[in-house]
Protein chains: 2
Amino acid sequence: MAISDLIDQTVKDISGLDQAAMTAARARQDQLTKPPGSLGRLEELSIRLAGIFGEATPRISKKTVVLVAGDHGVVAEGISAYPQDVTPAMVMNFLGGGAAINVLAGHAGAEIVVIDAGVAADLPDHPQLRPVKIGRGTDNIAVGPAMSREQAIQCLEVGIETAREQIAAGVDLLACGDMGIGNTTPSSAIASVITGAAPDITTGRGTGLDDAGLAHKAEVVQRSIDTNKPDAKNGLDVLIKVGGFEIGVLAGVYLGAAAGNRAVVVDGFISGAAALIAHAIAPDAAHSFIASHQSVEPGHRISLSHMGLEPLLDLGMRLGEGSGAALCMPIIEAAALCLSDMTTFAEAGVSEKIEDDEEASS
Amino acid sequence: MAISDLIDQTVKDISGLDQAAMTAARARQDQLTKPPGSLGRLEELSIRLAGIFGEATPRISKKTVVLVAGDHGVVAEGISAYPQDVTPAMVMNFLGGGAAINVLAGHAGAEIVVIDAGVAADLPDHPQLRPVKIGRGTDNIAVGPAMSREQAIQCLEVGIETAREQIAAGVDLLACGDMGIGNTTPSSAIASVITGAAPDITTGRGTGLDDAGLAHKAEVVQRSIDTNKPDAKNGLDVLIKVGGFEIGVLAGVYLGAAAGNRAVVVDGFISGAAALIAHAIAPDAAHSFIASHQSVEPGHRISLSHMGLEPLLDLGMRLGEGSGAALCMPIIEAAALCLSDMTTFAEAGVSEKIEDDEEASS
């Protein structure tokens, strides 16, 4: 189904994992100076990175967190514990360097690209802020679609172009972070539509709802689905009907990263909902996704499982901003480094096993 | 019970967590620009670091992996898939920089101190190797004690002195890594004696035993306990009877780190067995321990639970060398950095909650 030239071409450019590179990486893992398999998921991860990059010993040199902000008309339904003006305030905090993502990305050696995809407030000019402003907050999904088809296409295109630009600048590891008061509500709607799980399963407490707030929020999610009837097989339709501007841009980043044969780290629930939309548009894109952490939000594991992803960390986090993804970046780099930089048994002159030793001495 | 002047003084120097520092850290966490608790275990960890260091905003600047090697007479029972000459070969690999721990410690920005506590082979002089050589491998624990009382005391003292020296040099985060063919067998014996879990529960496949090998190994562990009858309440006695030279030195490192108010990272099963001995000698020492990862070895979780520790990572690793501890170091640093470097709501001018906002506007 044609969407736009850029999106269609991007989807066409997404291929599966490079099997030859993975075979070479697997063979090298078994020759490294350690019992086979003893680095556990670091070994699997290194082999998948080889498949994504199409290189037997992938190297990660530059890293970027794409941090996208947007507001949500559905806050009119009273689904968030925080007021909407926290969105622009937190964007200013990102630009000032004081948020968790600033600390965590800095620690991981990653740059941050901050995009205003649709904050419902004027933000001052700032050299680190990209004022895309696809709208001033989405419309209220409890009463109609979040955005127009044109806006949804623009979201995806901005994300694709951002990923392309980063990859052209030498970035090999991207991460998707979000900011937007109310954005767990559209994320639950997306997760329910695409995975088929009921809203009372995919809806969580967000930034801190009580039991009554949680029940109300699940009802709003259900209403947004009933009202809009999104087509679960059509990622663009889901984005239009129950998405968000930041979610759409992030979906584009996933597609662009996958098309560019680079790894992209899924953060928490909202980042995962964006990944679900990218996956609905191009299922093979998920080969390039690395799930960083298991969010406390209950819909996150369901979303990740739907894409065949298993998170690396489970630390009870629920912040968003790309915080879990940035925290995980050093682990992803470590997996690649063990594959490329450890010596082999032959190089080190270490016996591989008693059987080999006996053979050698017999 | 007096052991030696150095050990007795070290045990005396181990105190509980600094409650005032923890209270200050907890208060600061709740003022940082994020929903309270949204950084999950990073928040708990930062508060514990505050308690260990006795500082409201602890900073980690220098890191060291203490990597200790030793051999085990119990290999005569055929309990390892690898020949004993792998121990010195791997020590040479550590010195050459090609092992997993070299890659992972380098990635984490940590130095490595390599100690030959009791390898059963001559090792060449090397500027990076500390040739302590408490023995040439332990005696076979299936037929008698691993070592003499004097050797066990020397192990602990070497470890304490190493930790003291590192802390004096400004190291704030230590990690305990091991190398020694056969050392999961004494570790299972230690875990069974100290936690009370049966050998068939604490015994695992080590570097790669098959089912018959596993059953035989559990029987050897049981025999070593029956033969030696270690006193579970006496950490020194457990070390003498069913320990290892590298395990004893690491137990000393744990004690020295705790006495010096610095955090020390537990790696996998052997590192955990050493921690159990330190914990048996001085239960309060465990306040300074941070469990890095859940090893595949079944006795590891039992050991960690016994000390009230919950691992941060669960990545199916089973290598030792301090590999899981080094992999975890960036996460521990991230926890401290979020606490110290994020801005507060007041500093950033961000609303804390809708309730506050309503109060402010009413």
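Residues numbered from 1 in each chain as written. Chains lettered and ligands numbered in written order. Predicted model: local features only at pLDDT ≥ 70, side-chain atom pairs only at ≥ 80, totals over all residues. Heavy atoms only, no water.

## Considerations on the relation of the copies chain A and chain B
Part 1 of the argument: Superposing chain A onto chain B takes a rotation of 180° plus a shift of 0.0 Å along the axis, which leaves an RMSD of 0.0 Å. The symmetry that links the two subunits is that of a two-fold axis. For chain A, the residue whose C-alpha comes nearest the rotation axis is L313 of chain A, separated from it by 3.2 Å.
Part 2 of the argument: By residue overlap, the copies meet face to face through one surface: 100% of the interface positions of chain A are interface positions in chain B. (Least-squares fit on C-alpha atoms with pLDDT ≥ 70 in both. Contact = heavy atoms within 4.5 Å.)

## Comments concerning the domain arrangement of chain A
All names here are of chain A.
Part 1 of the argument: By domain assignment, chain A separates into domain 1 (5–57 + 340–361) and domain 2 (62–331).
Part 2 of the argument: The straight-line distance from the C-alpha centre of domain 1 to that of domain 2 is 32 Å.
Part 3 of the argument: With 17 residues of domain 1 at the contact, the number on the domain 2 side is 28 residues.
Part 4 of the argument: Interface of domain 1 and domain 2: buried area, both sides summed, is about 1,900 Å²; carbon and sulfur atoms make up 67% of it.
Part 5 of the argument: If you sort the residues of domain 1 by the area they bury against domain 2, L6, I7 and I14 come out on top, with a joint share of 30%.
Part 6 of the argument: Applying the counting criterion to the domain 1 and domain 2 interface returns four residue pairs in polar contact (both at pLDDT 80 or more).
Part 7 of the argument: Only α1 (5–13) and α3 (41–53) provide two or more residues apiece to the side of domain 1 that touches domain 2. (Domains from an automatic or database assignment. Buried area = accessible area lost by both parts, 1.4 Å probe. Polar contact = N/O pair within 3.5 Å; in protein donor to acceptor, adjacent residues only side chain to side chain. Helix = DSSP H or I, 4+ residues; strand = E, 2+ residues; numbered from the N terminus.)

## A look at the side chain of T33 of chain A
Part 1 of the argument: With respect to the helices and strands, T33 of chain A occurs in the loop between α2 (19–29) and α3.
Part 2 of the argument: Of the polar contacts made by the side chain of T33 of chain A, one reaches the side chain of N93 of chain B; its length is 2.9 Å.

## Quick notes on the packing of helix α10 (residues 235–242) of chain B against helix α12 (residues 269–281) of chain B
Part 1 of the argument: Between α10 of chain B and α12 of chain B, the shortest axis-to-axis distance is 7 Å and the interhelical angle comes to 145°. From α10 of chain B, G235, L236, V238 and L239 of chain B reach across to α12 of chain B, where they touch I277, A280 and I281 of chain B. (Axes fitted to C-alpha atoms, helices over the stretch in contact; angles between N-to-C directions.)

## Thoughts on the sheet that holds strand β4 (residues 171–179) of chain B
Two modes of strand pairing occur in sheets, parallel and antiparallel, and in both the strands are linked by backbone hydrogen bonds.
All names here are of chain B.
Part 1 of the argument: The sheet built from six strands is open, its strands ordered β3-β2-β1-β4-β5-β6 with parallel pairing. Looking at which strands have only one partner, the edges of the open sheet turn out to be β3 (129–131) and β6 (289–291). Across the sheet, the mean angle from the axis of one strand to that of its neighbour is 25°, orientation sign disregarded.
Part 2 of the argument: Here strand β1 (residues 62–70) pairs with β4 via eight bridges, running parallel. Bridge pairing in β4 links V68 to D178. (Pairing = 2+ DSSP bridges.)

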